[in-house]
Amino acid sequence: AGENVMIATKSGNEYIWGQNNYGQLGFNNVASPAHAGLSSPTQLPGTWSSSAGKTCIGNYTTYAIRTNGTLWSWGRNFFGNLGHNQGNPSPGYPGSKSSPTQIGTNTNWNQMLHCDVHATSATKTDGTLWAWGYGGLGALGKNDVVGYSSPTQVGSDTNWSRVFFLNNCQVASKTNGTLWSWGYNGSGRLGQNNLTQYSSPTQIGTDTTWTHGSLEGS
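As a starting point, this report considers the structure included with it. These numbers were taken from a predicted model, which means no experiment stands behind them.

Attention shifts here to the overall build of the protein. Across its full length, the protein holds one helix and 15 strands. Its C-alpha atoms give the protein a radius of gyration of 17 Å, near enough to 17 Å, the size a compact globule of 218 residues would have. A principal-axis box enclosing the C-alpha atoms of the protein has dimensions of 50 × 40 × 30 Å. For the protein, buried positions account for 48% of its 218 residues. Sequence-distant contacts in the protein: of pairs separated by 6 or more residues, those separated by 24 or more amount to 46%. As displayed, the protein offers around 9300 Å² of accessible surface, 48% of which is attributable to carbon and sulfur atoms. If you average the places of the 10 positive and of the 8 negative side-chain charges in the protein, the two averages end up 7 Å apart.

Pairing in this open sheet of three strands is antiparallel, and the strands run 1-2-3 from one edge to the other. Strands with a single pairing partner mark the edges of an open sheet, and in this sheet they are strand 1 (5-10) and strand 3 (37-44). Each strand axis lies, on average, 15° off the axis of its neighbour in the sheet, ignoring direction. Two strands pair when backbone bridges link them, and strand 1 and strand 2 (residues 13-19) are joined in this way by six bridges, in the antiparallel orientation. Opposite Ala8, over in strand 2, you have Tyr15 as the bridge partner.

A few words on the packing of aromatic side chains. Under the counting rule described, the total for this entry stands at twelve aromatic pairs. Both rings, one in Tyr22 and one in Tyr93, keep their centres 5.5 Å apart while their planes meet at 85°; by these two values the pair is edge-to-face. Of this pair, Tyr22 sits in the loop between strand 2 and strand 3 while Tyr93 sits in the loop between strand 6 (71-75) and strand 7 (97-102), placing them 71 residues apart in sequence. You can call Tyr22 partly exposed: its relative accessible area is 24%. Ring plane angle 70° and centroid distance 6.3 Å describe the contact between Trp109 and Trp130, whose orientation is recorded as edge-to-face. One end of the pair, Trp109, is in strand 8 (residues 109-111); the other, Trp130, is in strand 10 (residues 129-133), and 21 residues separate them in sequence. Owing to a relative accessible area of 17%, Trp130 belongs among the buried residues under this scheme. When the ring centre of Trp180 is taken as reference, the NZ or CZ atom of Lys174 above it lies at 4.0 Å.

Among the six residues that make up strand 9 (residues 119-124), six are buried, leaving the element largely enclosed by the rest of the structure. By the alternation rule, side chains of strand 9 split into Ala119, Ser121 and Thr123 and Thr120, Ala122 and Lys124, which are all buried. Pairing analysis gives two bridges linking strand 8 to strand 9, with the strands arranged antiparallel. Within strand 9, the position partnered with Gln111 by the bridge is Thr123. Where strand 9 and strand 10 come together, five bridges link them in antiparallel fashion. Bridging from a neighbouring strand, Thr120 pairs with Trp132 of strand 10.

Criteria and cut-off values
Residues numbered from 1 in each chain as written. Predicted model: local features only at pLDDT ≥ 70, side-chain atom pairs only at ≥ 80, totals over all residues. Heavy atoms only, no water. Helix = DSSP H or I, 4+ residues; strand = E, 2+ residues; numbered from the N terminus. Rg over C-alpha atoms; globule rule 2.2 N^0.38 Å. Buried < 20%, exposed > 50% of the residue type's maximum accessible area, 1.4 Å probe, protein only. Contact = heavy atoms within 4.5 Å. Areas by Shrake-Rupley, 256 points an atom, 1.4 Å probe, with all protein chains shown as cover. Lys, Arg positive; Asp, Glu negative; His and termini not counted. Charge placed at Lys NZ, Arg CZ, Asp CG, Glu CD. Pairing = 2+ DSSP bridges. Axes fitted to C-alpha atoms, helices over the stretch in contact; angles between N-to-C directions. Phe/Tyr/Trp six-rings, centres within 6.5 Å; stacked < 30°, edge-to-face > 60°. Lys NZ or Arg CZ within 6 Å of the ring centre and 35° of its normal.

Okay, structure coming up:
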């Protein structure tokens with residue numbers, strides 16, 4: 001579920017419905033008036049993966065991984081969050097797409113659980129972690145506050161498992177059972193027992209028993 005949009009997959013087919021004011025439904029059109037869209041599930045052309053963590057909807061933005069491992073995005077391009085190396089926040093959100101558009105040429109994209117209003121992240125099958133979009137507050141984990149309009153690797157680790165992006169911060173698990181967080185730390189949401197902001201992945205405690213479900217159930 002996203003901002004007034006729902007998406008579901010079955011048997012390799014993807015169905016989407018809801019608001020379409022930025023083309024986030026992916027049918028090569030933009031609704032007018034802004035609240036118009038589709039009120040019932042409508043199949044999106046193409047072959048998409050039905051596995052968990054292969055689709056993601058943010059605020060007026062949709063991402064999906066196909067069965068061939070390619071990554072696609074469409075909808076509003078806000079601070080380059082579509083990942084096509086395009087766009088500024090205004091005017092008119094340049095680089096926005098009203099139909100699925102492939103991000104780069106890689107065929108090894110693996111998982112994405114949740115994206116932010118103007119940034120997102122995903123893992124690849126080689127265990128690397130990638131992020132792009134608005135980089136303020138260090139939310140991209142690049143040890144800076146710079147934004148990136150195309151996927152950029154976070155560090156050099158190759159054991160990332162799951163990542164959850166929300167409200168200018170990220171929480172991610174590794175295959176060794178550790179849990180990590182970074183970005184905005186309002187109300188202590190990073191779990192670091194402080195209110196400090198971190199611009200690169202920082203381990204939460206020392207436990208090595210965190211599981212995939214800890215993030216998927218968030």
